[in-house]
Amino acid sequence: QAKAYGRRQAQYFNQDVSASAKASFLMEHQLIEAISNHDLSVFYQPIMSGDAQSIVGCEALVRWQHHSLGFLSPGEFLPLAYEVGLIAELDFWVLEQVCKDIKLSRDRGLAMPIVAVNLSADALVDPLLTDKVWDLLEQYQVQGSQLELEMIEDAIKDDSSLLQQTLEQLVRMGIKLSIDDFGTGYSSLLRLKNLPFTTLKIDRSFIEDLPKSADDCAITLSILGMAKGLGVSVVAEGVENDEQERWLQQQGCNYLQGFKYYKPMPRDDLFKVLIGVK
Ligand code: C2E
Ligand code: MG
Ligand code: MG
Ligand code: MG
């Protein structure tokens, strides 16, 4: 009896596995199509000055308008993109959209602030990365100084001279580099010291319980102190309320980003905000 039951369970299990394998196979193909068919889109979240009075930049965040599942956020499809090796292609697609949008903003007489684009480890090790970036800048007549590239610690943890060269070339193009989700990864302070980063983005998990959590206060303070000593600036991610904002301002945090100010929005909404704010 128990044996039969076990076999039966195993069968169900197999069915589940093949169903989910099919689903992920379908998703993979849909994702490839989405990248070429413009079913993906780029949203922008403004980044505020330390006094929270002005927009000094924005971050490009990818979205997928799925025909049957509706709106998918990165957490719902980026893992698949990583798994099937599509993430670098997705990153380059986003980068091109951003360059197009910067050009469009200029054509409309709007000054789009510096745009930060997330770059995966896969995109970072693409030997053609700097060529591709250069071509995009040229094609859309975008200055390197209009772009910032964000990478997580894990993407820069290896001590490779190729990585060093790539980052230095990007900096020579005028592009700023920031470390995303700072404090959550496996990088080292040596990387931070040797690589040409200009910005640290403190992960939202450290900002969430400020200023109530003494631990988070200590961690954030030490990041701010270290950044100051190293001459890099700090963005606090995920600022949602007045208490967080006040504390971060008192500690001299350079930039603020979070739902307290703006949620990520489509390009045209950002353009409206820029017109209103100006
Ligand atoms: P991230 O780069 O750390 O981006 C910040 C995330 O925090 C965004 O989530 C943003 O919507 C969210 N966020 C901002 N302010 C707040 C806040 O006040 N409260 C809360 N609860 N959340 C806030 P999103 O758009 O879902 O993106 C998640 C992650 O997906 C990003 O984290 C980034 O790691 C990745 N990602 C997004 N777009 C791209 C892309 O084009 N390429 C790559 N490689 N990764 C991307
Ligand atoms: Mg980011
Ligand atoms: Mg982040
Ligand atoms: Mg994050």
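In case you missed it, the structure is sitting above this.
Since the structure is predicted, the reported quantities are computational estimates derived from the model, not experimental observations.

**Thoughts on the site of ligand 1**
- Looking at ligand 1, there are 24 residues lining it, with Arg63, Asp91, Asp180, Glu240 and Phe259 nearest.
- Glutamate 59 is positioned such that a nitrogen or oxygen atom in its side chain is 2.9 Å from an oxygen atom of ligand 1.
- One of the side-chain N or O atoms of glutamate 240 is found 2.5 Å from a nitrogen atom in ligand 1.
- Within the complex, the protein chains bury 82% of what would otherwise be the 800 Å² of accessible surface of ligand 1.
- Elements that contribute at least two residues to the shell around ligand 1 include exactly β2 (55–66), α2 (74–83), α3 (87–107) and β6 (176–182).

**What about the nonpolar core?**
- Counting 82 residues, the largest nonpolar core has Leu40 and Val98 as its most contacted members.
- The residues contacting leucine 40, other than those within four sequence positions of it, are Leu31, Ala34, Ile35, Val62, Arg63, Trp64, Phe77, Leu90 and Trp93.

**Quick notes on the coordination of the magnesium ion (ligand 2)**
- Protein-derived coordination of the magnesium ion (ligand 2) comes from Glu59 (OE), Asn118 (OD1), Glu150 (OE) and Asp180 (OD), at a distance range of 2.0 to 2.2 Å.
- In this structure, the magnesium ion (ligand 2) is positioned 4.0 Å from the magnesium ion (ligand 3), and both are ligated by aspartate 180. With a gap of 121 residues between them, glutamate 59 in strand β2 and aspartate 180 in strand β6 connect regions that are remote in the sequence. Residue glutamate 59 shares its accessibility class with aspartate 180, and that shared class is buried.

**As for the environment of glutamine 164**
- For glutamine 164, the position within the fold is in helix α6 (residues 161–172).
- Judged by relative accessible area, which is 23%, glutamine 164 ranks as partly exposed.
- The spacing of glutamine 164 and cysteine 58 is 106 residues in sequence and 26 Å in space, taken between C-alpha atoms.
- Glutamine 164 has contacts with Asn194 and Leu195, leaving out every residue within four places of it along the chain.

**Points about the pattern of salt bridges**
- Tallying each qualifying case throughout the model produces 11 salt bridges.
- Residues glutamate 150 and lysine 201 are paired through a salt bridge, measuring 2.6 Å at the closest nitrogen-oxygen approach. Here glutamate 150, found in strand β5 (residues 147–152), pairs with lysine 201, found in strand β7 (residues 199–202); they are 51 residues apart in sequence, far enough to count as distant.
- The shortest N-O distance in the salt bridge between arginine 191 and aspartate 159 comes to 3.4 Å. Residue arginine 191 is located in helix α7 (residues 189–194), and its partner aspartate 159 is located in the loop between β5 and α6; the two are separated by 32 residues in the primary sequence.
- Among the residues examined, aspartate 159 registers a relative accessible area of 64% and is labelled exposed.
- Bridged by salt links that share partners, the residues Asp101, Arg108, Arg267 and Asp268 form one connected network.

**A closer look at the packing of aromatic side chains**
- In the structure shown here, the tally under the stated rule is two aromatic pairs.
- Arranged with centres 5.6 Å apart and planes meeting at 50°, the rings of phenylalanine 43 and phenylalanine 71 form a pair that is tilted. Taken together, the positions of phenylalanine 43 in strand β1 (residues 40–49) and phenylalanine 71 in strand β3 (residues 70–72) put the pair 28 residues apart, joining distant regions of the chain.
- For phenylalanine 43, a relative accessible area of 13% translates into the label buried.
- A relative accessible area of 42% places phenylalanine 71 in the partly exposed class.

Conventions used here
Residues numbered from 1 in each chain as written. Chains lettered and ligands numbered in written order. Predicted model: local features only at pLDDT ≥ 70, side-chain atom pairs only at ≥ 80, totals over all residues. Heavy atoms only, no water. Near = heavy atom within 4 Å. Polar contact = N/O pair within 3.5 Å; in protein donor to acceptor, adjacent residues only side chain to side chain. Areas by Shrake-Rupley, 256 points an atom, 1.4 Å probe, with all protein chains shown as cover. Helix = DSSP H or I, 4+ residues; strand = E, 2+ residues; numbered from the N terminus. Core = buried A, V, L, I, M, F, W, Y, C linked by side-chain atoms within 4.5 Å. Buried < 20%, exposed > 50% of the residue type's maximum accessible area, 1.4 Å probe, protein only. Contact = heavy atoms within 4.5 Å. Donors = N, O, S within 2.8 Å, 3.2 Å for Na, K, Ca; no water. Salt bridge = Lys/Arg side-chain N within 4 Å of Asp/Glu carboxyl O. Phe/Tyr/Trp six-rings, centres within 6.5 Å; stacked < 30°, edge-to-face > 60°.

Purely geometric stuff here, so don't read any function into it on its own.
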